[in-house]
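Coordinates in review
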Amino acid sequence: MILRRRTAVVAAVVVAMAGALSACTGDDPGPEPEPTVAPTPAPEPEPEPTAEPVEREDPEDFIRRWVEVSAAMQNSGDTTDYRSMTPDCEPCQGFADTIERFYAAGGHVKTNPWQIRDLELHGRVGPVREYRFVAETSQSEYKESADEEPRTSEENVYDAYVEIVRAGDSWHVRAYGEFVR
């Protein structure tokens, strides 16, 4: 009985060594069986970030940017950016219409951005925030058409308000107006 066990152990060792040797010598053990289940595809790698994460724009920074974009619109006649910031603001859209009309008729505007002073949150109702501010304007030149002589608007100071609402990571102007002095 001990001899049978030794023979079985020796046979198992010989078979294991033969398998190992055939793998080392490069002998082809034969075709591998085909899998019966399709392999699971490897997950796609995460894309590399291409830009810094977008931070929410501060309301006061947005208002200052709106003023800059307004001046750029007036000086160029391109209302695209201004309109995208003011989609629901009737006075703003009317102002953009006026600028388009000037440029379509061969006119122009030459102006500087307002200087904003005393910008402060005046109130909040639901998603709407109202800011009040003082706007100082510089002298501007404008022509409503190619046939017209240029006119000049004088420096002025306005007490104004703007209502804004959240739009994604930024804001939209909902209303704008000036107070009578």
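Quick caveat, the model's predicted, so the values are computed rather than measured.

Moving on, we get to the nonpolar core. By size, the foremost hydrophobic cluster in this structure holds 25 residues, and its most contacted members are I63, W66, F133, V162, I164 and V173. Contributions of two or more residues to this core are made by α2 (59–76), α3 (80–85), α4 (90–104), β2 (115–125), β3 (128–137), β6 (156–167) and β7 (170–179). Sorting elements by how many residues they give to this core places α2 first, with six residues. In this view, F133 contacts W66, W114, I116, R117, D118, L119, Y158, D159, A160, Y161, V162 and Y176; residues no more than four positions away in its chain are not counted.

A rise of 1.5 Å per residue sets the reference length of α2, with its 18 residues, at 26 Å; its end C-alpha atoms lie 25 Å apart and thus fit the reference within 8%. The N-capping residue of α2, defined by a side-chain oxygen 3.0 Å from the backbone nitrogen of E60, is D58. Two residues or fewer after α2 comes G77, characterised by a positive phi angle close to 85 degrees.

Spatially, four strands are ordered β2-β3-β6-β7 in an open sheet, and the strand pairing comes out antiparallel. Each end of this open sheet is capped by a strand with a single partner; those strands are β2 and β7. The average undirected angle you get between the axes of adjacent strands in this sheet is 25 degrees. As judged from the nine bridges shared by β6 and β7, these two strands associate in the antiparallel manner. Each bridged residue has a counterpart across the sheet, and for I164 the counterpart in β7 is V173.

Once that is clear, we can look at the pairing of β3. The element β3 is largely enclosed, with a buried count of eight among its ten residues. Looking at chain direction, β2 and β3 are connected through eight bridges and run antiparallel. Counted as the bridge partner of L121 is Y131 from β3. Two successive antiparallel strands, β2 and β3, enclose a turn made up of two residues, where G126 displays a positive phi of approximately 60 degrees.

This part is about the environment of E60. Relative to the assigned elements, E60 resides in helix α2. Distance from E60 to L119, taken between C-alpha atoms, is 7.5 Å for residues 59 residues apart in sequence. Ignoring sequence-local partners within four residues, the contact set of E60 consists of L119 and Y131.

Relative to the elements of secondary structure, T79 occurs in the loop between α2 and α3. Assessed through its relative accessible area of 5%, T79 is described here as buried. Leaving out residues up to four positions away in the same chain, T79 has contacts with M73, A96, I99 and E100.

For the rest of this paragraph, the subject is the pairing of β6. Direction of pairing for β3 relative to β6: antiparallel, over a ladder of ten bridges. Each residue of the ladder has a partner; that of E136, found in β6, is V157. The loop that links β6 with its antiparallel partner β7 comprises two residues; one of these, G168, has a positive phi angle of about 65 degrees.

Put simply, α2 and α4 touch, their axes get as near as 9 Å, and they point 25 degrees apart. Taken together, the axes of α2 and α4 lie roughly parallel to each other. Residues W66, S70, M73, Q74, N75 and S76 of α2 pack against C92, F95, A96, I99 and Y103 of α4. Split by residue class, the contact of α2 with α4 holds seven nonpolar, four polar and no charged.

Criteria and thresholds
Residues numbered from 1 in each chain as written. Predicted model: local features only at pLDDT ≥ 70, side-chain atom pairs only at ≥ 80, totals over all residues. Heavy atoms only, no water. Core = buried A, V, L, I, M, F, W, Y, C linked by side-chain atoms within 4.5 Å. Buried < 20%, exposed > 50% of the residue type's maximum accessible area, 1.4 Å probe, protein only. Helix = DSSP H or I, 4+ residues; strand = E, 2+ residues; numbered from the N terminus. Contact = heavy atoms within 4.5 Å. Expected span 1.5 Å × (residues − 1). Polar contact = N/O pair within 3.5 Å; in protein donor to acceptor, adjacent residues only side chain to side chain. Pairing = 2+ DSSP bridges. Axes fitted to C-alpha atoms, helices over the stretch in contact; angles between N-to-C directions. Parallel < 35°, antiparallel > 145°, perpendicular 65-115°, else oblique. Nonpolar A, V, L, I, M, F, W, Y, C, P; charged D, E, K, R; others polar.

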